[in-house]
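Listed below are the residues making up each chain.
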Amino acid sequence: MGATRTTCAYCGVGCGIAAEVSGNDDRGVVITGDRMHPANHGRLCSKGTHLGETVGLEGRLLAPMIAEREASWDEALGRVADRMRACIAEHGPDSVALYLSGQLLTEDYYAANKLAKGYVGTGNVDTNSRLCMASAVAAYNRAFGEDVVPCSYEDLDATDLVLLVGSNTAWCHPVIWQRLEKTRERRGTKIVVVDPRRTETAEQADLHVAVAPDGDVALFNALLADMKRRSLVDEEYLAAHVEADAGFWEDLSPESGIPDAVFRKLCDLVAAHPRMLTLFSQGANQSVCGTDKGNAITNFHLATGRINRIGAGPFSITGQPNAMGGREVGGLANMLACHLGFAEDERADVAEFWKAPNVCSGPGLKAVEMFRAVHEGRIKFLWVMATNPAVSLPDTGFVREALSRCPTVVVSDIIADTDTGRFAHIRLPALGWGEKDGTVTNSERCISRQRALFPPPGEARADWKIVADVAARMGWGESFAWPDAASVYREYASMTSLAKARGKVLNLTAHADITAAEYEALEPFKWGGERPLAGGYPTPSGKARLVRVTPPAPATNAEFPLRLNTARYRDQWHTMTRTGLSPALSQHRPEPLLEVHPADARAAGLVDGGLGRVETASGASVYRVRVSDGQRCGEVCVPMHWADAMAGEGRSNRLPSRAVDPVSGQPGYKNGAARVVPVKPAWRAFLVRRDVIAPQGLVYWTRARVKAGWLYELAGDGAIDMAALLPAGEQMEVADPVRGMRRIAVRGDDGSLIAAAYLTRSGELPARAWVADQLGLDAASAAELLAGRPSTPLPDRGPIVCVCHGVGEKDIVLALDDGAASVADVGGCTRAGTNCGSCRPAIAKLIKVFSSREQEAAQ
Ligand SMILES: Nc1nc2c(c(=O)[nH]1)N[C@H]1C(S)=C(S)[C@@H](COP(=O)(O)OP(=O)(O)OC[C@H]3O[C@@H](n4cnc5c(=O)[nH]c(N)nc54)[C@H](O)[C@@H]3O)O[C@H]1N2
Ligand SMILES: Nc1nc2c(c(=O)[nH]1)N[C@H]1C(S)=C(S)[C@@H](COP(=O)(O)OP(=O)(O)OC[C@H]3O[C@@H](n4cnc5c(=O)[nH]c(N)nc54)[C@H](O)[C@@H]3O)O[C@H]1N2
Ligand code: SF4
Ligand SMILES: [Mo]
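Residues numbered from 1 in each chain as written. Chains lettered and ligands numbered in written order. Predicted model: local features only at pLDDT ≥ 70, side-chain atom pairs only at ≥ 80, totals over all residues. Heavy atoms only, no water.

As named in an unreviewed UniProt entry, the protein chain is Assimilatory nitrate reductase catalytic subunit, taken from Novosphingobium indicum. Under the UniProt heading Sequence similarities (unreviewed entry), the note attached to the protein chain is "Belongs to the prokaryotic molybdopterin-containing oxidoreductase family. NasA/NapA/NarB subfamily." (UniProt positions renumbered as here; feature names shortened; annotations may be inferred.)

In structure tokens:
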């Protein structure tokens with residue numbers, strides 16, 4: 001069978017994939033980059049490359065569930081419709097809410113939006129994109145009059161200066177990063193990273209601006225003030241295409257908030273390179289002043305005329321594979337549909353198009369407010385699709401209280417046990433990546449197809465189909481009678497005529513009559529083209545707007561003196577429901593780390609490799625401490641990924657407050673108030689075992705996927721109940737009561753290792769990798785297992801850097817010792833970095849550290 005061309009399941013880069021299915025029963029699939037796809041031209045990062053490891057049926061939800069019992073679709077759909085109907089009758093349509101996701105396909109989004117806003121009559125449809133790029137959307141709307149990204153990926157190839165603002169591009173949009181690296185090689189493009197942390201992206205930059213948290217508005221205002229002083233404002237462009245808020249120029253403060261020398265360097269770079277692109281992401285958006293940040297950036301580009309030209313513009317890079325599709329169909333609570341709002345004529349046109357009896361009267365509640373309304377009992381029916389709010393919303397203590405109070409929680413997911421699913425009354429099994437069929441829109445407005453590779457597993461159905469089935473039960477079947485995804489897409493494309501008629505850029509009417517065969521063969525294409533705003537701005541005056549924005553006052557808090565940042569890891573995706581199943585992806589960061597500056601660590605008594613608790617006004621969570629001078633003093637950072645399904649601690653959204661940006665409603669995840677305290681458990685242990693357990697009563701535990709099972713890190717006080725941790729089988733044991741050491745290995749009936757636990761109260765624990773590799777094997781002797789290492793010692797490879805070829809940090813240092821001097825040399829010696837390339841920034845960093853050590857040694 002030939003390869004199927006589809007699109008990656010993960011980030012908003014939207015890489016094309018060629019997938020070759022190797023057999024129908026084991027769902028084996030060989031993944032390669034699609035050379036024909038304009039987003040990646042064949043490149044893939046570590047997550048895309050290892051997609052094949054996450055398409056198995058492990059952990060899948062394969063049948064509808066009512067509470068803990070399997071139900072037929074008939075019963076489950078009937079139950080959902082009955083509850084929804086009763087809720088509307090008793091409490092009105094606004095008591096119903098849908099919480100959607102940028103991981104739905106456009107067709108799913110369209111169907112859900114139509115059901116809620118047109119038929120139920122509730123505006124309470126919002127999406128996790130509220131947590132992601134609502135601020136960028138609001139900024140674009142304020143500046144351009146429509147949510148239109150004015151750039152495209154071609155600009156990455158043709159730019160001379162790139163500012164990466166609040167973006168760890170090398171980890172979160174790796175293929176964009178690789179494209180920028182190529183441009184840098186070719187044109188000498190300069191890269192500036194604006195981020196409080198020295199990330200792997202910042203390590204590679206020509207200039208790292210370690211801005212204070214939320215210092216971006218001040219920085220961009222000062223930058224523009226400096227350009228004005230240098231007469232580099234484009235007066236001609238301003239006169240023709242832009243209007244400024246009253247007092248805009250007078251208010252522009254020259255105070256950059258960063259050290260003068262760094263600011264001067266930045267200004268000189270910016271002055272010298274008119275072909276300048278600003279990519280911004282969560283460090284900009286996830287802030288209580290995120291919309292202002294977006295406008296500070298956009299103001300800069302408008303005022304200097306660095307927009308609508310090749311290689312220039314303010315480019316919001318999106319997170320999820322279909323964050324953009326949701327924005328287009330109207331999945332955000334403050335839009336009706338297809339870039340239309342709630343004006344009388346817009347509502348009337350939508351009602352007519354949908355033949356909808358019940359178009360909602362105005363905007364609904366945005367995500368954080370939506371859950372507040374659930375908490376207060378104003379929303380009584382909540383349907384969550386393709387998102388895990390019990391982990392990903394801020395202040396999950398509150399969110400979980402809300403979920404547990406809600407009379408009806410419906411969850412559509414692909415995974416059986418998610419933190420949110422634990423609160424559901426009804427769970428509906430959805431088709432996942434590789435099974436579903438439809439379209440997604442990436443960061444550059446490029447629409448491409450996701451195509452099915454496997455037949456639907458179990459009872460799972462497409463998300464749009466589940467929505468249509470519920471609509472039918474509600475008596476609205478005729479308007480939801482799509483036979484296939486192509487029909488949904490056709491209806492949506494045709495509906496964009498309403499946007500077109502209003503002079504908006506969004507326009508897919510060319511596809512209003514697309515046939516099923518054409519849809520099947522659909523090639524990636526960009527709505528709006530390369531430079532969608534070059535012909536004028538979709539505002540009444542045709543001009544864009546310079547929005548007056550002023551920097552926020554610095555936040556201080558005596559009780560919680562540190563600033564708390566939350567971020568992503570290179571090889572994990574969000575709440576880990578899928579990437580957490582991949583042994584390769586779990587090697588990079590097997591545990592959630594609390595990154596802290598050496599001075600703050602010293603002051604708090606935290607030690608590298610120990611445990612530390614972060615406390616805020618909302619909650620507390622425990623992490624493995626990583627002391628790092630990549631953090632600014634006074635700031636700590638934790639990952640967003642760990643959920644209760646994966647760990648007993650490290651769930652970071654216990655910590656943030658529910659404060660949001662006043663314009664966009666996006667939470668300020670990246671600048672909270674916190675303090676840290678050391679955690680000193682009486683004992684530490686690790687455990688490998690074939691299956692999943694959830695230990696109780698510990699100070700800390702996490703699990704990470706290894707080839708034949710799971711690796712658990714554990715810590716606790718008082719006695720440890722080994723029996724509760726280990727399965728039945730033939731046990732071997734050593735103990736040293738003086739040092740509080742105990743080691744137990746368990747073999748199954750066939751002699752293979754099914755579990756092993758290593759405990760200490762004061763000493764060291766063995767290295768994890770070899771022990772984890774023995775799971776499921778019967779090769780090692782009892783003595784070796786209890787020693788935790790083979791009798792002929794293997795070289796210690798250090799932490800794994802390249803997950804594709806399993807190359808460790810120490811392997812790379814050896815290659816450097818042998819004379820390797822570049823990332824390419826290291827690749828030649830060790831193969832590290834030669835497959836997906838996601839680890840190349842890490843290798844470059846090792847080279848830098850190594851050569852500076854060599855220099856020191858030489859002096
Ligand atoms: N590996 C991986 N890739 C992903 C995802 C994933 O889960 N894993 N998720 C995808 C999704 S949905 C998204 S939204 C994107 C997110 O992609 P990114 O935005 O790159 O990811 P984050 O790590 O959340 O945040 C980026 C940086 O913002 C910085 N920051 C914090 N506060 C400030 C500030 O005040 N100013 C500035 N300038 N910077 C600040 C943080 O230190 C952090 O390094 O990634 C996508 N890609
Ligand atoms: N502290 C902190 N919190 C954050 C962030 C941060 O930077 N810091 N970032 C925020 C951002 S930008 C984002 S985008 C969110 C992401 O947060 P979430 O959306 O909550 O995270 P995911 O783990 O991607 O959840 C997707 C869920 O959908 C399921 N799923 C996957 N595919 C399908 C499908 O096809 N159909 C259905 N029905 N289900 C499916 C998955 O199993 C999973 O349970 O987190 C936000 N939360
Ligand atoms: S950059 Fe990686 S995660 Fe993002 S779409 Fe491409 S392959 Fe997938
Ligand atoms: Mo996101």
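Participant: Outline the pairing of strand S28 (residues 700-706), supporting the account with residue identities and numerical values.
Facilitator: With seven of seven residues buried, S28 lies mostly within the body of the structure. The alternating pattern of S28 places Tyr-700, Thr-702, Ala-704 and Val-706 and Trp-701, Arg-703 and Arg-705 on opposite faces, both of which are buried. As consecutive antiparallel partners, S28 and strand S29 (residues 709-716) are separated by two residues. (Buried < 20%, exposed > 50% of the residue type's maximum accessible area, 1.4 Å probe, protein only. Helix = DSSP H or I, 4+ residues; strand = E, 2+ residues; numbered from the N terminus. Pairing = 2+ DSSP bridges.)

Participant: Pulling in residues and values, what's your account of the site of ligand 3?
Facilitator: Ligand 3 sits among Cys-8, Tyr-10, Cys-11, Val-13, Gly-14, Cys-15, Leu-44, Cys-45, Lys-47, Gly-48, Pro-174 and Val-175. Elements that contribute at least two residues to the shell around ligand 3 include exactly helix H1 (46-49) and helix H7 (174-187). Per-class residue counts for the shell around ligand 3 are nine nonpolar, two polar and one charged. (Near = heavy atom within 4 Å. Nonpolar A, V, L, I, M, F, W, Y, C, P; charged D, E, K, R; others polar.)

Participant: Which residues make up the sheet that holds strand S17 (residues 438-441), and what values go with them?
Facilitator: Pairing is antiparallel across the open sheet formed by three strands, whose spatial order is S17-S18-S19. This sheet does not close on itself; its edge strands, each paired only once, are S17 and strand S19 (525-526). Bridge analysis of strand S18 (residues 446-450) against S19 gives two bridges, and the strand direction is antiparallel. Counterpart to Cys-446 in the pairing with S19 is Lys-526.

Participant: Tell me about the side chain of Asn-388, and name the residues and values.
Facilitator: Within the fold, Asn-388 resides in the loop between strand S14 (381-385) and helix H17 (389-392). The exposure class of Asn-388 is buried, given its relative accessible area of 6%. Contacts of Asn-388, omitting those with residues within four sequence positions, involve Thr-418, Asp-419, Thr-420, Thr-575 and Thr-577. (Contact = heavy atoms within 4.5 Å.)

Participant: Tell me about the site of ligand 2, and name the residues and values.
Facilitator: Near ligand 2, the surroundings consist of 31 residues, among which Gln-103, Ser-392, Asp-413, Lys-436 and Thr-575 are the closest. Between ligand 2 and Ser-412, the relevant distance is 3.0 Å, taken from a nitrogen atom to a main-chain nitrogen or oxygen of the residue. Asn-653 has a polar side-chain atom sitting 2.7 Å from a nitrogen atom of ligand 2. For ligand 2, the protein covers 99% of the area, taking 920 Å² as the surface of the free molecule. Split by domain, the residues of the shell around ligand 2 number at least three in each of domain 2 (65-132 + 322-437 + 455-480) and domain 4 (562-679). (Polar contact = N/O pair within 3.5 Å; in protein donor to acceptor, adjacent residues only side chain to side chain. Areas by Shrake-Rupley, 256 points an atom, 1.4 Å probe, with all protein chains shown as cover. Domains from an automatic or database assignment.)

Participant: Summarise the sheet that holds strand S9 (residues 190-194); cite the residues concerned and give the values.
Facilitator: Two modes of strand pairing occur in sheets, parallel and antiparallel, and in both the strands are linked by backbone hydrogen bonds. Reading across the sheet, the five strands line up as S10-S9-S8-S12-S13 and stay open at both edges, with parallel pairing between neighbours. The open sheet has two edge strands with one neighbour each: strand S10 (207-209) and strand S13 (313-316). Taken over all neighbouring pairs, the strand axes of this sheet differ in orientation by 20° on average, direction set aside. Looking at chain direction, strand S8 (residues 161-165) and S9 are connected through five bridges and run parallel. The partner of Leu-163 across the bridge, within S9, is Val-192. The sheet strands contacting helix H9 (residues 216-229) are S8, S9, S10 and strand S12 (276-280), and the helix crosses S8 at an angle near 155°. Across the sheet, helix H11 (residues 260-272) is in contact with S8, S9, S10 and S12; its angle to S10 comes to roughly 125°. (Axes fitted to C-alpha atoms, helices over the stretch in contact; angles between N-to-C directions.)

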